[in-house]
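One-letter residues, chain by chain:
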There are 2 protein chains.
Amino acid sequence: MTTLQDLGEHQLLQRLQRFCPDSIVGDDGAILPIQPGYELVVTTDVLVEGVHFSEQTTRGFDVGWRAAAANLSDLAAMGAEPIALTVGLSLPPTTPWSWLEAVYQGLAACTQQYHTAIVGGDLCRSPVPTLAITALGQVQPPYSLKRSAAQVGDRLLITGTHGLSRAGLELLLHPQVDKALAPSDRTAWITAHQRPRPRLDILPSLRPWQTQRAIAAMDSSDGLADAVVQLCHASGVGAIVWAEQLPLPNGLVAWQGQTQALDWALYGGEDFELVLALPPNAAIALKEQIGGMTAIVGEITASTAVQLEMISDNGERQTVPLDQAAGFQHFA
Amino acid sequence: MTTLQDLGEHQLLQRLQRFCPDSIVGDDGAILPIQPGYELVVTTDVLVEGVHFSEQTTRGFDVGWRAAAANLSDLAAMGAEPIALTVGLSLPPTTPWSWLEAVYQGLAACTQQYHTAIVGGDLCRSPVPTLAITALGQVQPPYSLKRSAAQVGDRLLITGTHGLSRAGLELLLHPQVDKALAPSDRTAWITAHQRPRPRLDILPSLRPWQTQRAIAAMDSSDGLADAVVQLCHASGVGAIVWAEQLPLPNGLVAWQGQTQALDWALYGGEDFELVLALPPNAAIALKEQIGGMTAIVGEITASTAVQLEMISDNGERQTVPLDQAAGFQHFA
């Protein structure tokens, strides 16, 4: 098995440059055109073996795909179309070349699907495999999305189902359990975890509304609850999330029960959908236009409390704080 | 001593955001204006504890300064003025806050000195402290610098002395030795290692010449010899480097001997000067204009061999391959 130290740095760089456009390779940096009237958008994510991925649940291809998708999702949350990605890699010298090649194949597959490319990066040795991805995008100023644009009375629109990535992770961690699950559900949830889709596709639908008023947005990479809390915090408002409006697949509720399914939907993370706050008429129109599992799941309130409203067994409405403490804290 | 896990992610991010411009903070990405007629330049570097820095030789402030300087040097080598930096950090939860604060103070000091700023990043836990920096710059197309622009007959111009960073590292690794060295030399070399200066200052001097013909450039972060070899390789040419033209401080030659001093100048690395290939008249004019230790140290040849020409003890000229194998290979 060929390892990185077998190849040496120069040959390794040559092999990795095959994944980059020819016009870009070979300088200290990459030069990229920006369209006139556009602003630059930049976002960075770091992924660490044992923290963000493990060999048990994530093959090289999927490590690459997920890393690219997470950064493209951040661009989507800014309203920006992708220009390019850079990849900073630190890896043990004993890393098999086949693993790294698969990571790049995953990066390339995801970037190609979203009409962008890897344009450079850095490579060095480290005891712990780590990927640092920076994504560059461009946006015309009226069409940028910001967390701080939510207004009282806005509806919360989510672009798809939440909790599926967490369900897929559960299946990957415990492949022997629950063989009674429908194979289609099993496949769908594992795919949701391994091949998340950044929601760049919905940006054109937003633009007609953005000429009237700014739309608030964030992606749900750290969980739906976290996204709502962050949006509200940045906008100085509160929200009520209607639990019964959250799309939960029947198979997931049957497998894990209502409470666990709701918990995964709110706190599971890594679904990479967009969470938008926008006027009710825009929310209703976009729900129709985007379709799929797009749902209106709450509203922005003047109180700064962020609440989850649930219907109890006896039919009464009750609210509980949508506590972000249940979310993923990197240093907790 | 307060550690990162004592602070938790939210408080940690709040503290780090104080180092970023207010207008930038709080979204999934940063939005940056690009001047009309400019192209975007992007470059990424990864620094790993134990590989690129160690607690013995590099304090937190200097880790930050060097990381910023290395990336700004890559922008200088592209002819680009800086727009912004992003910082991807992975750190053990037991890292003292005081160390991370010092890293950010170093990053901020260097970016401020070169009129740019940290605009975002990511933070996560890892067993191995790692910094991934991406620098963004802008350049008007005629003024970009490329490795591939060297032409036969060009002179090789270096913007300063090489080997000082390596000498400073030696003093930091063995502080007890060679107390007879001049304190001014000792200080200068340690400063060269801890606080390298990206040569963004020379870019305006190049522009009048760039309207006539493209200039080839690379920075000498991986060593002067490596830079010459890479320039030649990208341009499909060769070079002769004249050993006797390399500026070597007297104190360094007296301390380490001529052979070792030359070796450090060629292969030591991390001097972050620019190595330029350009027509002789331009080289002569720029040597005068830039001043300091700027030197013309060789010429571009039609043969693809890259040679070092030395004067032997009996006065004869001899050439040896400027072998890049002596340089720093990350996976060798």
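Residues numbered from 1 in each chain as written. Chains lettered and ligands numbered in written order. Predicted model: local features only at pLDDT ≥ 70, side-chain atom pairs only at ≥ 80, totals over all residues. Heavy atoms only, no water.

> Give me the relation of the copies chain B and chain A: which residues, what numbers.
For the match of chain B to chain A, the screw axis carries a shift of 0.0 Å, the RMSD comes to 0.0 Å, and the turn is 180°. What we have between these two chains is a two-fold relation. Mapped onto chain A, 100% of the interface residues of chain B are again interface residues, and the two copies thus contact each other with one and the same surface. (Least-squares fit on C-alpha atoms with pLDDT ≥ 70 in both. Contact = heavy atoms within 4.5 Å.)

> Mind laying out the pairing of strand β9 (residues 274–278) of chain A, listing which residues take part and the relevant values?
Residue and element names in this part refer to chain A. Within β9, five of the five residues are buried, which leaves it mostly tucked inside the rest of the structure. Neither face of β9 is exposed, since L274, L276 and L278 on one face and V275 and A277 on the opposite face are all buried. Two elements, strand β6 (residues 155–158) and β9, share four bridges in a ladder whose sense is antiparallel. Following the sheet pairing, L156 is matched in β9 by A277. Here strand β7 (residues 216–219) pairs with β9 via four bridges, running antiparallel. Each residue of the ladder has a partner; that of D219, found in β9, is L274. (Buried < 20%, exposed > 50% of the residue type's maximum accessible area, 1.4 Å probe, protein only. Helix = DSSP H or I, 4+ residues; strand = E, 2+ residues; numbered from the N terminus. Pairing = 2+ DSSP bridges.)

> How would you summarise the pattern of salt bridges if you had to cite specific residues and measurements?
Residue and element names in this part refer to chain A. Considering all chains together, one arrives at 18 salt bridges over all chains under this definition. When the shortest N-O distance is used, the salt bridge between E299 and R155 registers 3.2 Å. Of the two residues, E299 is situated in strand β10 (residues 295–301) and R155 in strand β6; the sequence distance between them amounts to 144 residues. Residue classification places E299 among the partly exposed residues on the basis of a relative accessible area of 25%. According to the relative accessible area criterion, R155 is partly exposed, its value standing at 23%. A salt bridge links R199 to D201; its shortest N-O distance comes to 3.0 Å. By relative accessible area, which is 7% here, R199 ends up buried. With relative accessibility at 48%, the residue D201 sits in the partly exposed group. (Salt bridge = Lys/Arg side-chain N within 4 Å of Asp/Glu carboxyl O.)

> Please give an account of the interface of chain B and chain A that cites residues and values.
A common measure of how large an interface is: the accessible area buried when the components associate. Each side of the interface is counted separately: chain B has 62 residues, and chain A has 62 residues. Note on chain B versus chain A: buried area summed over both sides is about 5300 Å², and carbon and sulfur give 59% of it. The interface formed by chain B and chain A holds zero salt bridges in total. For the interface between chain B and chain A, the tally reads nine residue pairs in polar contact (both at pLDDT 80 or more). Among the secondary structure elements, those contributing two or more residues to the side of chain B that touches chain A are α1 (4–17), β1 (30–32), β2 (39–48), α2 (60–78), β3 (81–91), β4 (118–125), β5 (130–139) and β7 (216–219) of chain B. The element that contributes the greatest number of residues to the side of chain B that touches chain A is β2 of chain B, accounting for nine residues. (Buried area = accessible area lost by both parts, 1.4 Å probe. Polar contact = N/O pair within 3.5 Å; in protein donor to acceptor, adjacent residues only side chain to side chain.)

> Break down helix α7 (residues 224–235) of chain B for me, with residues and values.
All names here are of chain B. Between its first and last C-alpha, α7 extends 17 Å over twelve residues, near the 16 Å set by a 1.5 Å rise per residue. Most of α7 is tucked away: ten of the twelve residues are buried. Every buried residue belonging to α7 is among L224, A225, D226, A227, V228, V229, Q230, L231, C232 and S235, and all of these are buried. (Expected span 1.5 Å × (residues − 1).)

> How would you explain the sheet that holds strand β8 (residues 238–242) of chain A if you had to name every residue and give the values?
Residue and element names in this part refer to chain A. Pairing in this open sheet of seven strands is mixed, and the strands run β7-β9-β6-β10-β8-β11-β12 from one edge to the other. Every other strand in the sheet has two partners, leaving β7 and β12 (317–321) as the edge strands with one partner each. Direction aside, the axes of adjacent strands within the sheet are offset by 25° on average. Helix-sheet contacts for helix α2 (residues 60–77) involve β7 and β9, and the interaxial angle to β7 is about 175°. (Axes fitted to C-alpha atoms, helices over the stretch in contact; angles between N-to-C directions.)

> Provide a residue-level description of the environment of H52 of chain A, including the pertinent values.
Residue and element names in this part refer to chain A. If you trace the backbone, H52 turns up in the loop between β2 (39–48) and α2. With a relative accessible area of 18%, H52 lands in the buried category. Sequence spacing of H52 and A67 is 15 residues, and the spatial spacing of their C-alpha atoms is 9.7 Å.

> Which residues make up the state of the cysteines, and what values do they have?
Tallied over the full model, the rule gives zero disulfides over all chains. The thiol of C124 of chain B is not disulfide-bonded; the next cysteine sulfur, from C124 of chain A, is found 14 Å away. (Disulfide = S-S within 2.5 Å.)

> I'd like to hear about the sheet that holds β4 of chain B, residue by residue, with values.
Strand order in the open sheet made by the five strands is β1(A)-β2(B)-β5(B)-β3(B)-β4(B), with mixed pairing throughout. Single-partner strands in this sheet number two, and they are β1 (30–32) of chain A together with β4 of chain B. If you compare each strand with its neighbour and ignore which way they point, the axes differ by 20° on average. Sheet topology note: the β1 of chain A/β2 of chain B ladder contains three bridges and is antiparallel. Bridging from a neighbouring strand, I31 of chain A pairs with V41 of chain B of β2 of chain B.

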